[in-house]
Amino acid sequence: MTHDACLRAMAQRPSTRQLINWDRRYLWHPFTQMQEWAQEEPLIIERGKGSYLIDTEGRKYLDGTSSIWVNLHGHQHPVLNRALKTQLDKIAHSTFLGLTNPPAIELARELIRIAPKGLTRVFYSDNGSTAVEIALKMAVQYWQQRHPEAGPKNTFLHLKLAYHGDTIGAVSVGNIAIFHSRFKPLLFPTVEAEPPHCYRCPLQLTYPSCRMACLEPIEKALKSHHRELAGFIIEPLMQAAAGMIPQPAGYLKHIRELCTKYDVLLIADEVATGFGRTGKMFACEHENIAPDLMAVSKGLTGGYMPLAATLTTDEIYRGFLGTYDEFKTFFHGHSFTGNPLGCALALANLDIFKNRNNTEARLQPKIKLLARSFVHSSILPTWETSVSADSWQGSN
Ligand SMILES: *Cc1c(COP(=O)(O)O)cnc(C)c1O
């Protein structure tokens, strides 16, 4: 570019002031009171590098929430950037309805390889909420088709303070009043149970001498409602949006046993906990359990693009097989299901974990350090605490 052309291009770039004005004039931000937003100076993030965000004025900020739990290896990671560009030179998107594509196929194989044993099938979607919706719909249709003799199993057990996303089904199984109460008329009825909360135990007991008395009401709920329950949906190990409420060691294992005992599918919402966020690839691994359905999203593409998956077992998958005219098909899909760009990124993300960074092992000393620094050791479950995943150090 000539010097003059360069100056012209710079002049055409809207100023920070201009962008702020347009943001206030045209946008509506999520979970945001826009009247107050308009009175504040927004940060306009233009770039990222490693663990840092950089705004239009060139100011640098530590991305302390990993862009709300999605970013794993840092911004502008060379491996992820390259994977995206390589795929972009082939194709950005084609439909997954009646067609398939290489990154989506390879990613499914890789996800099944690393997922808790017993999960054998991958159904893609775009975000955590849709991954949860799909799990709920699969569970209900599974019971109808596989075990019609069981009668209608059309509802779900979930914990209070649960957060599973913002679409109507996900809100139905959630329980954060300020997000959800307004939409009550639209929600389907569910069965709720008290979550464990060792830090402020409502039973005034201490782990482990309590012998997890908090499981008793769960078993009671399962005992009285299992006939109508298609599944029990839970954020394994950590109720994240509730304010990071950890479950004591052994809790999830018992939940697995109870679900099996009462013929209720266990749905693990690993949207927040998946991909190293609790120190292992999936939170379920801490308890050596496999759910019947598992939703993943946030970290799946290393925080680059929207992509989600619902994993399930052969047993559930087989409940949907038949000829077209039996109408056992799972009638669900999205325009961008199996998006090749997202899938190529997710493959690169898993490659970084496994081959390039040894992410899981490198997390362990950081987890120990953070646990020592922040958490009162007497309430620590054996797996210690959740921690922001590894960060690639950029050249900044
Ligand atoms: C963020 C989150 C969701 C919703 O995911 P979106 O991509 O925001 O729709 C669902 N479940 C859990 C546990 C989450 O943390």
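Procedures and definitions
Every chain's residues receive numbers from 1 upward, in the order its sequence appears when written. Per-residue local features are limited, in this predicted model, to residues with pLDDT of at least 70; the limit for side-chain atom pairs, both in listing and counting, is 80 or more; totals at the level of whole chains, interfaces and linings are taken over all residues. Hydrogens are left out, water is left out, and the side-chain values use all remaining heavy atoms of the structure. Secondary structure is summarised from DSSP: a helix means a run of H or I of at least four residues, a strand means a run of E of at least two, and numbering begins at the N terminus for each. A cutoff of 4 Å decides nearness: a residue is near a molecule or strand if any of its heavy atoms lies inside that distance of it. Identification of polar contacts relies on pairs of N or O atoms within 3.5 Å, with a donor-acceptor requirement for protein atoms, meaning one able to donate a hydrogen and the other able to accept it, and with residues adjacent in sequence counted only if both atoms are side-chain atoms. Note that accessible areas follow from Shrake-Rupley with a 1.4 Å probe, and for residues the cover is restricted to the protein chains shown. In this entry, domain limits derive from an automatic or database-based domain assignment. Every residue pair with non-hydrogen atoms within 4.5 Å of one another is taken to be in contact. Note on terms: buried area is the combined drop in 1.4 Å-probe accessible area of two parts once they are placed together, counting the loss on both.

## Quick notes on unusual backbone geometry
Cis geometry is found at the peptide bond from Y207 to P208, where omega equals 5°. For P208, the location among the structural elements is in the loop between strand 6 (191-193) and helix 10 (215-225). Located in the positive-phi region is D263, a residue other than glycine, with phi close to 55°. Relative to the assigned elements, D263 resides in the loop between helix 11 (251-261) and strand 10 (265-269).

## Observations regarding the site of the ligand
Residues in close proximity to the ligand include W69, N127, G128, S129, Y163, H164, G165, E235, D269, V271, A272 and K298, which together make up its full environment. With respect to the ligand, the side chain of N127 contributes an N or O atom lying 3.3 Å from an oxygen atom. Interatomic distance of 2.8 Å between a backbone N/O atom of G128 and an oxygen atom of the ligand. Protein coverage of the free-state accessible area of the ligand, which is 380 Å², stands at 84%.

## Observations regarding the domain arrangement of the protein chain
According to the domain assignment, the protein chain consists of domain 1 (3-74) and domain 2 (84-361). Just the C-alpha atoms count here: the centres of domain 1 and domain 2 sit 32 Å apart. Domain 1 puts nine residues into the contact, and the matching count from domain 2 is 19 residues. Together, the buried faces of domain 1 and domain 2 total about 1100 Å²; carbon and sulfur atoms form 65% of this surface. Three residues, W69, L72 and H73, lead the burial of domain 1 against domain 2; their summed loss comes to 62% of the area buried on that side. Connecting domain 1 to domain 2 are five residue pairs in polar contact (both at pLDDT 80 or more).

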